[in-house]
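Descriptive analysis of the structure
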Protein chains: 2
Amino acid sequence: MGKKNKQFVEKITAMEDDFAQWYTDVVKQAELVDYGQVRGTMIIKPYGFAIWENIRDELDRQIKATGHSNVAFPLFIPESLLQKEKDHVVGFAPEVAWVTHGGDEELAERIAVRPTSEVLFCDYYSKNIHSYRDLPMLYNQWANVVRWEKTTRPFLRSSEFHWQEGHTAHATDADAAAETDKMLGVYVDLVENYLAIPVIKGRKTDKEKFAGAKYTLTIESLMHDGKALQSGTSHHFGSGFAEAFDITYLDENGESQFVHQTSWGLSTRIMGALIMVHGDNRGLVIPPKIAPTQAMIVPIAQHKEGVLDKAYELRDQLKNLVRVDIDASDKMPGWKFNEYEMKGIPVRIEMGPKDIEKEQVVLVRRDTGEKEFVALSELETRLPALLEEIQSNLFNEALEHRNEKTSTAKNMDEFKQNLEEKGGFIKAMWCGDLACEEQIKEETTATSRCIPFEQEQVAETCVCCGKEAKELVIWAKAY
Amino acid sequence: MGKKNKQFVEKITAMEDDFAQWYTDVVKQAELVDYGQVRGTMIIKPYGFAIWENIRDELDRQIKATGHSNVAFPLFIPESLLQKEKDHVVGFAPEVAWVTHGGDEELAERIAVRPTSEVLFCDYYSKNIHSYRDLPMLYNQWANVVRWEKTTRPFLRSSEFHWQEGHTAHATDADAAAETDKMLGVYVDLVENYLAIPVIKGRKTDKEKFAGAKYTLTIESLMHDGKALQSGTSHHFGSGFAEAFDITYLDENGESQFVHQTSWGLSTRIMGALIMVHGDNRGLVIPPKIAPTQAMIVPIAQHKEGVLDKAYELRDQLKNLVRVDIDASDKMPGWKFNEYEMKGIPVRIEMGPKDIEKEQVVLVRRDTGEKEFVALSELETRLPALLEEIQSNLFNEALEHRNEKTSTAKNMDEFKQNLEEKGGFIKAMWCGDLACEEQIKEETTATSRCIPFEQEQVAETCVCCGKEAKELVIWAKAY
Ligand SMILES: [Zn+2]
Ligand SMILES: [Zn+2]
């Protein structure tokens, strides 16, 4: 092992040795987050936040393009309001952080720091929706929410996290169903085409659906260690919340009807997926479309006359074409190579005296490590093309990895053997009984990730009880 | 009074009759906010949030252009951390909302919902700043904060509000001072050139400065009712927080030094200024540069053949030039006129069959109510120019109003008389004694707004005690 690799071994644990430690090391060394003082809270540092901003801005654009308006609802929920919908409060109450005092004054009623905002939107809708003309009401907010978790990990499970939560109200069940589908589609586009993470689309089982929902749609992605991560969910509420909160409208015939609602959210958890799908033993690998810096110029022998001038000239030439930066600090090129590999910057541009003489640069891909010499006259064509190749390659690599780690099981022996040997997604038939779902979880710790939209019949009987199977379910150990 | 005016009188109170009620009516009727369920919290509705987003996006651009990085620090502060800097905790503790329980578990230590985040950044800086090479550290975050206020009003004083808070650490006092100045300059640019609100720049007295700061710079603006509103502040902390939190760095000689810090913030309060500086008895008036919709097309006699087609054609023609929208609903034109005047949309574009025949449109300015006929062939030139005229006019009108309401006072009789007769800013000399500042507040309810950078000597003696004056202070009743 050369000197360069050794440095990395010192910096971050190899993922084969200890995946959880590798994750923590990368998060820290790539300067994404730091720990807050209150248990389970996180400080998102400049580089981590710049990545999140790119994800957020693209998703925000798509949310607006699909007709939604941004709003800001309060952080605080009175306890009585949270209790209005029974399933919902049972689902969230154990994780609520409670405010009991304002200054020196003890409050008459406890206040929940929002774990999610359904009840606030429902209360608002009950007062602001009157007629079919008010529908659909299509709201979204970017917000912080708090869930008092026992065990926490940066991005994956933190006491406070950031997300967007869409909340919509519709005239009919079909309209709400169409919205639920549409917003899952937006998440698919974002996660597959921007984050380069392939997803499986499906419906959650009743056991795994959102507290209070009629059904929950989900996209599930597979991490490098073979565990699944739920990457975005879209919930159809039917009229359950509307009945609990008395949200009605007068239809075109003047008759009172309950509205039909949805909510959908994508959170900073997706940063965890980004790290665990694309990262390697040299650190992060960021897909070009969301990389804060797509190409980093590292001047070689920069003390030699003309090198830095030429490097800045190159930066100015490229800066309207790609997100380019330059490191002209007095640190050694080797240090810079390691640093920007750790940060997952898609392309490194090396330029030294010889390159200048030959009117060329060296492009080094972060994903494959491949080097290529490119004439300066070709660079404005080649660099954007290379970024697209990297974007595609990351998606294809992740898809290939997922396919390798996806297996089918016809009975529990196969199920356990697959899970043990390769982890990943297991396709297995299910009878639809909660008892089987619970037993599988108990025996294997794998959970049902979703009932995929793309159904196959891999067997005729339930993988657990052997009775007649109803549908295919994707199972996996999950974050 | 014609029919049209009467409608408005029904909708909103005249500002001459009851300014506070006018404000509340506008906020509600223009659909900016609604009240949250927990006392003093607000729901920022789509239109209000769209305006705030435009303000935020421009300020964010300027904050990044001046070299700052966005981050996200936690919502929660342990009580012990909040107590580390004495002045700071005394200033904020009475307004803190306290979390005491997580789920069913009572917490060992109370947690403050952040009223501001200095202590979190200080704690971070103490762990992450080591060398002069780490400086300056230039962080900003967009966040919600909570202050448990007794009396609240939408935007002006709410239990939870949204803002950006910049937090920076520097090697020297001079560097921190330059940063404090620079960021005040960014606020001046934003508020004067985008929000069209003229400001007075100055330094707060020690009594009015931020809890824990060495000094506070401020921009102060004047509302239509003659009361002042602090519109943005930039604090120089010196090394006070650094000493309390032990934030040191090794300088170039290897010696340990305390850092010098700043913080600066601008909040959703500025929305209150926007309303109260430009609004009138027909509702909001939004400066074009931050208006979500700059021009609203209202088709006239839209049931007639070709009118709607032509109106949509116009919208498509203009949409890459200005932020334009069209109301093609079946509501009456009169209703639409009132609605978009209430919302303060800078220009209304009317287009009916006769206009189409003459190949022209009617432009109606929101600020002056003036109408002009513009040939379609001229519109792409005239409309942007008109928006610029409106932007300038709003600033000039506000400046003129402020000048009318600014007076000087040489003694307390003059002070009281001016305050009673015209309100507004009063320029008066001050000896520098806290006692005089307190007495003026007690006798008049006016407070010192700032010691303006542009000093004049309007008298030789203190307006209150008659002793030798040290400096000019701007006084006013304030929000
Ligand atoms: Zn079964
Ligand atoms: Zn005096």
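Residues numbered from 1 in each chain as written. Chains lettered and ligands numbered in written order. Predicted model: local features only at pLDDT ≥ 70, side-chain atom pairs only at ≥ 80, totals over all residues. Heavy atoms only, no water.

**Concerning the coordination of the zinc ion (ligand 2)**
Residue and element names in this part refer to chain B. Test applied: Donor selection uses N, O and S atoms within 2.8 Å of the metal (3.2 Å for Na, K and Ca). Since no water is included, sites may look incomplete. All geometry calls rest on donor angles, where a four-donor set with angles between 85 and 135 degrees is tetrahedral, four- and six-donor sets with opposite donors more than 155 degrees apart and all others between 65 and 115 are square planar and octahedral, and all else is irregular. Secondary structure elements are taken from DSSP: a helix is a run of H or I of four residues or more, a strand is a run of E of two residues or more, and numbering for both begins at the N terminus. Working definition: with a 1.4 Å probe on protein chains only, accessible area under 20% of the residue-type maximum means buried, over 50% means exposed, and in between means partly exposed.
Only Cys431 (SG), Cys436 (SG), Cys462 (SG) and Cys465 (SG) from the protein reach the zinc ion (ligand 2) as donors, at distances of 2.2 to 2.4 Å. Classification of the site at the zinc ion (ligand 2) rests on its 4 donor atoms, whose angles at the metal span 104 to 115°, yielding the label tetrahedral. Positions of the donor residues of the zinc ion (ligand 2), expressed as sequence spacing, correspond to C-x4-C-x25-C-x2-C. Of this pair, Cys436 sits in helix α15 (residues 434–444) while Cys462 is found in the loop between β22 (447–452) and β23 (471–476), placing the two residues 26 residues apart along the sequence. Residue Cys436 is classed as buried on the basis of its relative accessible area of 6%. By relative accessible area, Cys462 is classed as buried at 2%.

**Here's the deal with the UniProt feature "domain: Aminoacyl-transfer RNA synthetases class-II family profile" (unreviewed entry) in chain A**
What counts, and what does not: UniProt positions are given in the numbering used here, feature names are shortened, and annotations may be inferred rather than shown by experiment.
The residues that UniProt annotates with the feature "domain: Aminoacyl-transfer RNA synthetases class-II family profile" (unreviewed entry) are residues 39–287 of chain A. As a span, residues 39–287 of chain A carries 32% helix and 33% strand, and end to end its C-alpha atoms are 31 Å apart.

**Brief notes about empty space enclosed by the protein**
Residue and element names in this part refer to chain B. Keep this limit in mind: Using only the protein atoms, space was sampled on a 1 Å grid; points where a 1.4 Å probe fits but cannot get out form cavities, open sets with protein on both sides within 12 Å along at least five of seven lines form pockets, and lining residues are those with an atom within 4 Å of a point. Grid points are joined across faces, edges and corners, and a volume is the space filled by probe spheres set on the points. Each residue receives one of three labels: charged for Asp, Glu, Lys and Arg, nonpolar for Ala, Val, Leu, Ile, Met, Phe, Trp, Tyr, Cys and Pro, and polar for the others, Gly being one of them.
One pass over the structure, following the stated rule, counts 3 cavities of 30 Å³ or more. Taken as a whole, the largest cavity spans an internal volume of roughly 60 Å³. Met296, Phe337, Tyr340, Glu341, Ile345, Val347, Arg348, Val364, Arg365 and Arg366 together form the lining of the largest cavity. Elements with a minimum of two residues in the lining of the largest cavity: α11 (333–342), β17 (347–351) and β18 (360–365). Element by element, the count of residues in the lining of the largest cavity is highest for α11, at 3 residues. Here the residues of the lining of the largest cavity are counted per class, giving 6 nonpolar, no polar and 4 charged. Of the pockets and cavities examined, the second largest cavity occupies roughly 40 Å³. If you trace the second largest cavity, you find it lined by Glu118, Phe121, Cys122, Tyr125, His167, Thr168, Phe237, Gln261 and Thr262. Among the elements of the structure, α6 (118–128), β8 (160–170) and β14 (260–267) are those that each provide at least two residues to the lining of the second largest cavity. The dominant element in the lining of the second largest cavity, judged by the number of residues it contributes, is α6, at 4 residues.

**Describing the coordination of the zinc ion (ligand 1)**
All names here are of chain A. Coordination of the zinc ion (ligand 1) by the protein comes from Cys431 (SG), Cys436 (SG), Cys462 (SG) and Cys465 (SG), over a distance range of 2.2 to 2.4 Å. Each of the 4 donor atoms around the zinc ion (ligand 1) contributes to a set of angles spanning 105 to 115°, which defines the coordination as tetrahedral. In primary sequence terms, the donor set of the zinc ion (ligand 1) follows C-x4-C-x25-C-x2-C.

**Considerations on the packing of helix α14 (residues 412–422) of chain B against α15(B)**
Residue and element names in this part refer to chain B. Short version of the rule: Every angle, taken between N-to-C directions, lies between 0 and 180 degrees, and every axis is a line fitted to C-alpha atoms, over only the stretch in contact when it is a helix. Relative orientations are named as follows: roughly parallel for angles under 35 degrees, roughly antiparallel for angles over 145 degrees, roughly perpendicular for angles from 65 to 115 degrees, and oblique for any other angle. Working rule for handedness: look at the near helix, and if it is turned counterclockwise from the far one by less than a right angle, call the crossing left-handed; if clockwise, right-handed. In what follows, residue pairs with any heavy atoms lying within 4.5 Å of each other are defined as contacts.
Where α14 contacts α15, the axes come no closer than 11 Å and their chain directions differ by 45°. Between α14 and α15, the interaxial angle falls into the category oblique. Note on packing geometry: the crossing formed by α14 with α15 is right-handed. Here Met412, Phe415, Lys416 and Leu419 of α14 come into contact with α15, specifically with Ile440, Glu443 and Thr444. In terms of residue class, the contact of α14 with α15 is built from 4 nonpolar, 1 polar and 2 charged.

**Here's the deal with the state of the cysteines**
Residues and elements named next belong to chain B. How we decide: Here, the term disulfide refers to a pair of cysteine sulfur atoms separated by no more than 2.5 Å.
Applying the stated criterion to the full structure yields 0 disulfides over all chains. Distance from the sulfur of Cys450, which forms no disulfide, to the nearest cysteine sulfur (Cys462) is 16 Å. In this structure Cys450 comes out as buried when scored by relative accessible area, which is 0%.

**Looking at the sheet that holds strand β20 (residues 406–408) of chain A**
Two strands in a sheet stick together by hydrogen bonds in their backbones, pointing the same way (parallel) or opposite ways (antiparallel). Residues and elements named next belong to chain A. Let me state the cut-off plainly: Strand pairing follows a simple DSSP-based rule, namely that at least 2 bridges must link the two strands.
Taking strand neighbours across the sheet as the criterion, the 11 strands line up as β3-β7-β8-β14-β11-β10-β9-β22-β23-β21-β20 in an open arrangement whose pairing is mixed. Every interior strand has two partners, whereas the edge strands, β3 (69–70) and β20, have only one. Direction of pairing for strand β8 (residues 160–170) relative to strand β14 (residues 260–267): antiparallel, over a ladder of 8 bridges. Along β14, the bridge assignment pairs Glu165 with Gly265. Those strands touched by helix α7 (residues 173–194) are β7 (137–146), β8, β9 (200–203), β10 (215–222), β11 (228–238) and β14, and its axis lies near 10° from that of β14. Lying over the sheet, helix α9 (residues 269–278) contacts β10, β11 and β14, oriented at roughly 145° with respect to β11.

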